[in-house]
Each structure stands twice: as structure tokens, then as C-alpha cells.
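Understanding the architecture of this molecule
The lines below spell out each chain.
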Amino acid sequence: MKEVNIKKMAITFAFALIIWFIPVPQGVTDNAWHLFAIFAATILGIILKAAPMGTMCMLAIGFTALTQVLAPGNAALSVTKSLSGFGDKVIWLIGISFFIARGFIKTGLGNRIAFMFIRIFGKSSLGLAYGLGLADVCLAPAIPSNTARGGGIIYPIMKSMAISFGSMPEDISTHKKIGSYLTLNSYYMNLIASSMFLTGTASNPMCQKFAADLGINITWMSWAAAGFVPGLVAFFTVPLVLYRLYPPELKKTGDAPKMAAQKLKEMGAIKKEEWLMLLAFFILLALWIFGGSLSIDATTTAFIGLTLLLLTSVLTWEDIKSEKGAWDTIVWFAVLVMMASSLNELGFIGWFSDLIKVQIGGLNWMVAFPVIILVYFYSHYIFASATAHVAAMYAAMLGVGVSLGIPGMLLAMMLGFIGSIYGVLTHYGHGPAPVYFGSGYVDLKSWWTKGFEIGILLLLIYMGIGGLWMKIIGYY
């Protein structure tokens, strides 16, 4: 029982039972309401950390099948529908992309790219911040786990740079020398990079799936086209603003390029495996961008990339089997998508959207749009998982907005971007947050206050510049 918190699990079960036995509201079917009880309890269990996310999702599948809420009176069909999420192509896109990400780490190509940018830009603390951020952005299209990207590649390099300049994690008096600034900036840049690409973080394809359920088609290229400009503005603006709000004591880091050059020298010439990884990366990028015209979707592209890496032995089947993060993600991702999609099919999302519409139906869509975005953004304080937040609220918020007349593509994309950048608010708000916060360079008060301030800046950039940019490119 080490992984299960009995008290929190009891609260989760009690919550499910209370919703289950509440009289079913008018306009909702019994099955939709009972599935909502299971879904809401699963989300609560994830938030409370009653058990690991995978455990919570396995419980959800078990109860969904047992109660036959998806196929009353047909036990076999109920089990089949409960497992339907595992057949969704979006699930496999994100799972396979995790395997591809392992190639960057295994071959050392990710580290090489980061050190190359540090060698070029690392003469000052601000330049070092941009160099680390640029490495994250370059890796984001092919590494959908921003935890693996930030925690596995960028964070170790960032920390070693900070230590080399005398900013020691265990010595509070040296934190602000450079470690504090680089920690927060690297985390923020990770979230910005995550927002720019459909494959930038695990929750983005979930947004794509929920939008598709409401008739809004988002492709890899359409996401990149919408996210490029606000992401680029945020990329250049955030390090400068943070430099003013939370300045490092050390301004010049002239030794950083030398240290990066030394690391590159130790790595030696680019190996055959790295060239093959680079080739796979460009093939993936090209097919994600142009594959639509060839009837090759994003998931097929991911399979092509993975096959190439396996055939060239850049990755082995043992690598695939041992990639626990990917299999874990496939499991909980499939279950959450299954329940959220089923709620939509059973009419619950439509009913809930109409219910909220009645309350704010008098608002003009240009007023309702920022209201929905702000509610979605700041409600993240109560979520310890970006994916859980997306699963719980994305489809409902999108449905409400569309019913109020907000252009569907505008709202779908903006909610998608918010699903990354709301991670700035807390030290538990996104996958990489515990990694960076765990360095000890930034105290809790600073993390929350600076996150709140940067959050306002990002909202202005994405809603203002991003909204205008999507108007220019014809998204509404």
C-alpha cells in the first residue's frame, strides 16, 4: 500500500458516491451522469495524489466496465468501450514521440545541441538564458515530454553552469548569483516551447482530440502556425522582463562558451547515431509540416520516425520496453481521453455548456473570450497536473465558448496554449516544475510571485499578439 494513500482514496470514493447518487439533473442521461461521477472522482484522486495517475486510471476503467455506463446490459461491449481509448491514434502519437525523445538523450544529440547554443550565446547571464531556451525550442517539436526535455537535457546543463559560476544549490547566499535566474527562466522557456508545437508537451494532442470531437480540426502545422508568433514574442520578452524582476548578480559569464566548447570537445565528432537521429528529426519535421498534402497524418509520421530509428539501431527494442514514461503516459492518456470523449458522446459536455451559457449568455463573445481564458488559466492553482486540468476543463470551456459565438479555432488554439503557460503559476503546475524547484535555487515565495507576474505578461502576449496573429492568418 506504499503507493496508495488510504485517507485520500477514501475521500475520492466518497466523492464519486455522492455525485453518483445525487438526483440526475434534467437533460442528462443516467449513464452520462454516472460516467461523470467516475471521471470527476478520477480527476480528484489525481489532484489529491491518492494514488499514481496510472493506478487511478486503471480504477476508472474497472468501474466504467463494471457499471456498464457505456453499454448498459452488455458486459462485453462495455469492456470494449472502456478500452476504446487505447485505439485512438492521438494516444499513439504521443507515446511514440516519447520513444523518439529517448533517441535524443541516448545518442547525446540533445546535449550537443544545448552546448552548441551556449558556446554561441553564453557570454552573459542573459545570453546564457537565451542559449538554453533556444535549445529547448529546437528540441520541442520532437520531444513531447517537456519533463524529459527540461529535466533530462536542459536542467542538468543549466545546473552545472550555475555551479561552475559559484552559485551553489546548498549555499543560499549564492543562489541569486545566477542559479535562481537561470532556474526560473529555463522553466518558463520550457513552457513557452511546449506551447509552440502540437508535439511540444503531452497535453497538446489531448486538446487536438477534444477540439476534433467538437468539429474543430487542428493539425501539426496549423498549431505551429498559430503558436509561432506569440511563442517567439514570449521567447524574446520573458528573459528580459525576468532579468529586471529577478536579476542575477553575475552579469558576465565569459567562461560559459569555453566550458561548452570543452564539453563538445569531450563529446568528440558527431557520431553515426547522432547523424541518424538528426536525419530522423528532419524527416519527422518535414512530414509533420507537409504530410497533410500526402495524406500522411501525424501519427503515421511518428511511426515512420520510430521505425527508422529501430532499423538503424539508434534505438533497440529493449529501449522501447524500458521507456516507462511512455507506457505510463499511454495508459493514463488513453483512459482520460476515453472518459472525456464518452462524456461528449453521451451529451454531458453539451448539457454543461448550455448550463453555463444560461448564466453568461448575455455576454458578447469578445467579452466572454477573455473571461473563459482567465478562468481556465487561474483555475490551474488547484491542479497538480496539466493533463488532469486539460481533461477536466478543456472540452467544457471550448463548448461553452463556441456556444457563445467565440470563433472555434481561436478558442481551441488559445486554450491549447494556456495548457502550457499556466504552468508558470506554481511549483507543481507542470511536469518539469518539481525538477527545477527541487534544485533549491528559488524559494517558494519567489516562485509564486514571479510566476504570477510572468503569467500576466504571457496572458497579454498570447491573448493580444496571439489573437491578432490568428486574425491575420485567417483563423477567424
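Everything below is about the structure printed above this text.
Now for a look at the structure at hand. All of these numbers come straight from a predicted model, not from anything done at the bench.

Re the overall build of the protein chain
Summing up its helical and strand segments, the protein chain has 22 helices and zero strands in all. Here the protein chain has a C-alpha radius of gyration of 23 Å; the compact-globule value for 476 residues is 23 Å, and the two agree. Dimensions along the principal axes, computed over C-alpha positions, put the protein chain at roughly 70 × 50 × 50 Å. Scored against the burial criterion, the 476 residues of the protein chain give a buried share of 56%.

Here's the deal with the state of the cysteines
For the structure on display, the rule yields zero disulfides. In this structure Cys57 is not part of a disulfide, and its nearest cysteine sulfur, from Cys207, lies 16 Å away.

Topic: the packing of helix 7 (residues 125-139) against helix 9 (residues 179-196)
Between helix 7 and helix 9, whose axes approach to 9 Å, the crossing angle comes to 30 degrees. One element, helix 7, and the other, helix 9, form an angle in the roughly parallel class. The crossing of helix 7 and helix 9 is right-handed. Across the interface between the two elements, Ser125, Leu126, Leu128, Ala129, Tyr130, Leu132, Gly133, Asp136 and Val137 from helix 7 touch Tyr181, Leu182, Asn185, Ser186, Met189, Asn190, Ala193 and Met196 from helix 9. For the contact of helix 7 with helix 9, the residue count by class is eleven nonpolar, five polar and one charged.

What to know about the pattern of salt bridges
Applying the stated criterion across every chain, the model contains eight salt bridges. Of the charged contacts, one joins Glu274 and Lys271 as a salt bridge, the two residues approaching to 3.9 Å between their closest N and O atoms. Owing to a relative accessible area of 1%, Glu274 belongs among the buried residues under this scheme. The class of Lys271 is partly exposed, set by a relative accessible area of 40%. A salt bridge links Lys321 to Glu318, with the shortest nitrogen-to-oxygen separation between them at 3.0 Å. Of the two residues, Lys321 and Glu318 both sit in helix 15 (residues 317-322), three residues apart, roughly one turn of that helix. The partly exposed category is assigned to Lys321, whose relative accessible area is 46%. Note on Glu318: relative accessible area 51%, which makes it exposed. When salt bridges with common partners are traced through the structure, they connect Arg102, Lys106, Asp319 and Glu323 into a single cluster.

Description of the packing of aromatic side chains
Summed over the entire model, instances satisfying the criterion amount to 30 aromatic pairs. Ring plane angle 35 degrees and centroid distance 6.4 Å describe the contact between Phe210 and Tyr394, whose orientation is recorded as tilted. You can see Phe210 sitting in helix 10 (residues 203-213) and its partner Tyr394 sitting in helix 19 (residues 386-403), a full 184 residues away along the chain. Owing to a relative accessible area of 0%, Tyr394 belongs among the buried residues under this scheme. A centroid spacing of 6.3 Å and a plane angle of 85 degrees characterise the contact between Trp365 and Tyr476, whose relative ring orientation is edge-to-face. You can see Trp365 sitting in helix 18 (residues 365-378) and its partner Tyr476 sitting in the segment after helix 22 (444-472), a full 111 residues away along the chain.

Overview of the side chain of Glu323
Considering the arrangement of structural elements, one finds Glu323 in the loop between helix 15 and helix 16 (324-345). Accessibility expressed as a relative area gives 14% for Glu323, which makes it buried. Glu323 has contacts with Phe98, Phe99 and Arg102, leaving out every residue within four places of it along the chain.

A closer look at unusual backbone geometry
With a phi close to 60 degrees, Lys49 is a non-glycine residue in the positive phi region. For Ser313, which is not a glycine, the phi torsion comes out positive at approximately 65 degrees. Inspection of the secondary structure puts Ser313 in the loop between helix 14 (298-311) and helix 15.

Cut-offs and rules
Residues numbered from 1 in each chain as written. Predicted model: local features only at pLDDT ≥ 70, side-chain atom pairs only at ≥ 80, totals over all residues. Heavy atoms only, no water. Helix = DSSP H or I, 4+ residues; strand = E, 2+ residues; numbered from the N terminus. Rg over C-alpha atoms; globule rule 2.2 N^0.38 Å. Buried < 20%, exposed > 50% of the residue type's maximum accessible area, 1.4 Å probe, protein only. Disulfide = S-S within 2.5 Å. Axes fitted to C-alpha atoms, helices over the stretch in contact; angles between N-to-C directions. Parallel < 35°, antiparallel > 145°, perpendicular 65-115°, else oblique. Left-handed = near helix turned anticlockwise from the far one by under 90°. Contact = heavy atoms within 4.5 Å. Nonpolar A, V, L, I, M, F, W, Y, C, P; charged D, E, K, R; others polar. Salt bridge = Lys/Arg side-chain N within 4 Å of Asp/Glu carboxyl O. Phe/Tyr/Trp six-rings, centres within 6.5 Å; stacked < 30°, edge-to-face > 60°.

In short, shape yes, function no, at least from these values alone.
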